[in-house]
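# Remarks on the overall topology
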Amino acid sequence: MNIDFTPDEEAFRAEVREWMRQNVPRSPEAPNFGIPNDYELNRAWERKLADKGWLAYSWPKAYGGPGWTVTQRYIFDAERALAGGPPISPFGVIMLGPVLMKFGSQAQKDRYLPAIRDAKEAWCQGFSEPQAGSDLAALKTRAERRGDRYVVNGQKIWTTHAHWADFIFCLVRTDADVPKQQGISFLMIDMRSPGIEIRPIRTIDGHHHLNEVFFTDVEVPIENLVGQEGQGWTIAKYLLVNERTGIAGVAESKRQLGMLRKVVAADPARASDPAIARRLAELRVQLLALEYTHLRVLDLAARGSPIGLEPSVLKIKGSELQQAISEAELEIGGLECLPWLTDVSGSIRTFKWAAERYNFLRASSIFGGSNEVQKNIMAKLLLAQH
Ligand SMILES: Cc1cc2nc3c(=O)[nH]c(=O)nc-3n(C[C@H](O)[C@H](O)[C@H](O)COP(=O)(O)OP(=O)(O)OC[C@H]3O[C@@H](n4cnc5c(N)ncnc54)[C@H](O)[C@@H]3O)c2cc1C
């Protein structure tokens, strides 16, 4: 299941592979998959990537990124995941960075982009609210203009890594008297501002990734508004395309499936089981199809072609496949997945975190816009074409 690369691309791949071999953090207690769980490990990793100039790996040279082609970005991400490198936090590099490049003022670009690129400031995403998840435009967090500031009141929920972040980018309501999408603005808020309270939400995988964030009379300078007042919905739609494309998680799925196949091959009882062989083959075929679809979308984006259904397709199929691989892991691993087993040698090393992974990945069909809502988006786009 290999893609053909040019000799230059192969040389690039060898360079990235060697760098990953030398630099990916190793910790027996912190396996590198899915979402980062360990703040110190993650910050150190991102600083290392930043020092090499590879943290903002999808950015053009004009903003201090490496200016890689679509194929180079793909190779980089695949090699990172194959080497077990933690994923790069998407909020600054993947989500806010491109938004500021397209909608931000020169002052905002100068102030915020270098700090993201150099791993000096971490961001989180304040979109969802208790009554505004799938129906995001129903959000109620208010930002009232008072002189040279906005005063923000309200609540966000499911805010990944708010407790790690220096800043939050938020959708806020600046006008309640216009149709709901038109009254939304995009605001960047310093997490150290007086009036912000963070309350942790612990999830079924046993970790603390998520939070509620409360805003009480939080003052935000008006220069932190991105774009125009009322342009927040347009900006959010632009951002969510990048978020959904990233959630496909092809590189991570390849690593997980590769590890599972290795364990099965090394165990004669599992290797000779036709049901396991069929299941692994089906997963490989689906992953290959997803990989090609992902490459096609990246190529369309690089050529500036309009993007339609593709991010939703990637989000749905990518999350379904992550869940299917983690289910196969649990069922093939059986008793070896019991998290309290202390022997971490052999196949138990692979299965040790399978239950945690399985439980975390229940959420992948919900975050970034639930899969049901993605299907609605696709249906609307398709019907509009006919
Ligand atoms: C692990 C995790 C991390 C997250 N991180 C962030 C973050 O960092 N920042 C952030 O802003 N948000 C984050 N979210 C929130 C996420 O975007 C929302 O959970 C998601 O959009 C769904 O919204 P909801 O939870 O309010 O569910 P609801 O909108 O209440 O949906 C409940 C159920 O109803 C279904 N449903 C709703 N409307 C429709 C419809 N019209 N048609 C068919 N079915 C429908 C949904 O598919 C879902 O199954 C995160 C969520 C999770 C689980």
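Keep in mind that this is a model prediction, so the values were computed, not measured.

## Examining the domain arrangement of the protein chain
Here the protein chain is described as being made up of domain 1 (7-88), domain 2 (123-230) and domain 3 (248-384). Using only C-alpha atoms to locate each centre, domain 2 and domain 3 end up separated by 31 Å. At the junction of the two partners, domain 2 supplies five residues and domain 3 supplies five residues. In total, about 420 Å² of surface goes out of reach between domain 2 and domain 3, with carbon and sulfur atoms giving 62% of it. The three residues of domain 2 that bury the most area against domain 3 are S134, I204 and D205, which together make up 76% of that side's buried surface. If you look at where domain 2 meets domain 3, you find zero salt bridges. The interface formed by domain 2 and domain 3 contains one residue pair in polar contact (both at pLDDT 80 or more). Along the lines of polarity and charge, the residues of the side of domain 2 that touches domain 3 split into one nonpolar, three polar and one charged.

## Description of helix α4 (residues 90-103)
Turn by turn, an α-helix covers 3.6 residues, leaving residues three or four places apart pointing in a common direction. The end-to-end C-alpha distance of α4 is 18 Å, a good match for the 20 Å that 14 residues give at a rise of 1.5 Å each. The sharpest bend along α4 reaches about 40° and sits at L96, with the proline P98 one to four residues further on. By the burial criterion, the buried members of α4 are F91, G92, V93, M95, L96, G97, P98, V99, L100, M101 and F103. Buried positions along α4 lie against α5 (106-117), β1 (123-126), β4 (167-173), β5 (184-190), β8 (225-226) and α6 (232-247).

## Describing empty space enclosed by the protein
Tallying each qualifying case throughout the model produces two cavities of 30 Å³ or more. Taken as a whole, the largest cavity encloses approximately 160 Å³ of empty space. Lining the largest cavity are 16 residues, and of these R43, E46, S89, A122 and W123 lie nearest its centre. Every element with two or more residues in the lining of the largest cavity is listed here: α2 (39-52) and α4. Classifying every residue of the lining of the largest cavity gives nine nonpolar, four polar and three charged. Two domains each donate at least three residues to the lining of the largest cavity, and these are domain 1 (7-88) and domain 2 (123-230).

Parameters at a glance
Residues numbered from 1 in each chain as written. Predicted model: local features only at pLDDT ≥ 70, side-chain atom pairs only at ≥ 80, totals over all residues. Heavy atoms only, no water. Domains from an automatic or database assignment. Contact = heavy atoms within 4.5 Å. Buried area = accessible area lost by both parts, 1.4 Å probe. Salt bridge = Lys/Arg side-chain N within 4 Å of Asp/Glu carboxyl O. Polar contact = N/O pair within 3.5 Å; in protein donor to acceptor, adjacent residues only side chain to side chain. Nonpolar A, V, L, I, M, F, W, Y, C, P; charged D, E, K, R; others polar. Helix = DSSP H or I, 4+ residues; strand = E, 2+ residues; numbered from the N terminus. Expected span 1.5 Å × (residues − 1). Bend = angle between axes of the 7 residues up to and from the residue. Buried < 20%, exposed > 50% of the residue type's maximum accessible area, 1.4 Å probe, protein only. 1 Å grid on protein atoms, 1.4 Å probe; cavity = no way out; pocket = protein on both sides within 12 Å on 5 of 7 lines; lining within 4 Å. Points joined across faces, edges and corners; volume = space filled by probe spheres on them.

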